[in-house]
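Given next are the chains, with one letter for each unit.
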Amino acid sequence: MERTVTIVPEAGLHARPASKLVETANEFESDLQIAAGGEEPVDARSMLAVSSMAAEQGEDVRLIADGPDAEAALDALEEVLTTPEDEYDE
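Values in this document were obtained by computation on a predicted structure and should not be read as measured data.

About the cut-offs
- Residues numbered from 1 in each chain as written.
- Predicted model: local features only at pLDDT ≥ 70, side-chain atom pairs only at ≥ 80, totals over all residues.
- Heavy atoms only, no water.
- Helix = DSSP H or I, 4+ residues; strand = E, 2+ residues; numbered from the N terminus.
- Rg over C-alpha atoms; globule rule 2.2 N^0.38 Å.
- Buried < 20%, exposed > 50% of the residue type's maximum accessible area, 1.4 Å probe, protein only.
- Polar contact = N/O pair within 3.5 Å; in protein donor to acceptor, adjacent residues only side chain to side chain.
- Salt bridge = Lys/Arg side-chain N within 4 Å of Asp/Glu carboxyl O.

### With respect to the overall build of the protein chain
Right, on to step 1. When helices and strands are tallied, the protein chain shows 3 helices and 4 strands.
Right, on to step 2. Ordered by position from the N terminus, the helices and strands of the protein chain form the series β-α-β-β-α-β-α.
Right, on to step 3. What you see for the protein chain is a C-alpha radius of gyration of 11 Å, in line with the 12 Å of a compact globule of 90 residues.
Right, on to step 4. Each of the 90 residues in the protein chain was classed as buried or not, and the buried ones make up 41%.

Here it is as structure tokens:
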């Protein structure tokens, strides 16, 4: 399964938003990847890989999920990417 999402947090995929995305990805069994622009997908469970994408606010990213809970994983990752950083649950 694949989904395109526009990044909402002001910081893009840096620091806290990247950490929240990786934390969320690790809650699922499915293989989860994320790709910005025309770049190759990276492991959504890897903080280094996600933060090194340097994806900015307003940029579209592709979420790719393969596994038993793929749809739920895509829903959760989309929620992280479309929620302003100041609204994250503590």
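### What about the side chain of T83?
Right, on to step 1. The topology assignment puts T83 in the segment after α3 (70-82).
Right, on to step 2. Within polar-contact distance, the side chain of T83 engages the backbone oxygen of E79 at 2.5 Å.

### Some details on the pattern of salt bridges
Right, on to step 1. Per the counting criterion, the structure on display carries 3 salt bridges.
Right, on to step 2. A salt bridge links E2 to R62; its shortest N-O distance comes to 3.3 Å. One end of the pair, E2, is in strand β1 (residues 2-6); the other, R62, is in strand β4 (residues 60-66), with 60 residues separating them in the sequence.
Right, on to step 3. Where D75 meets R3, a salt bridge forms, and the shortest distance between an N and an O atom there is 2.8 Å.

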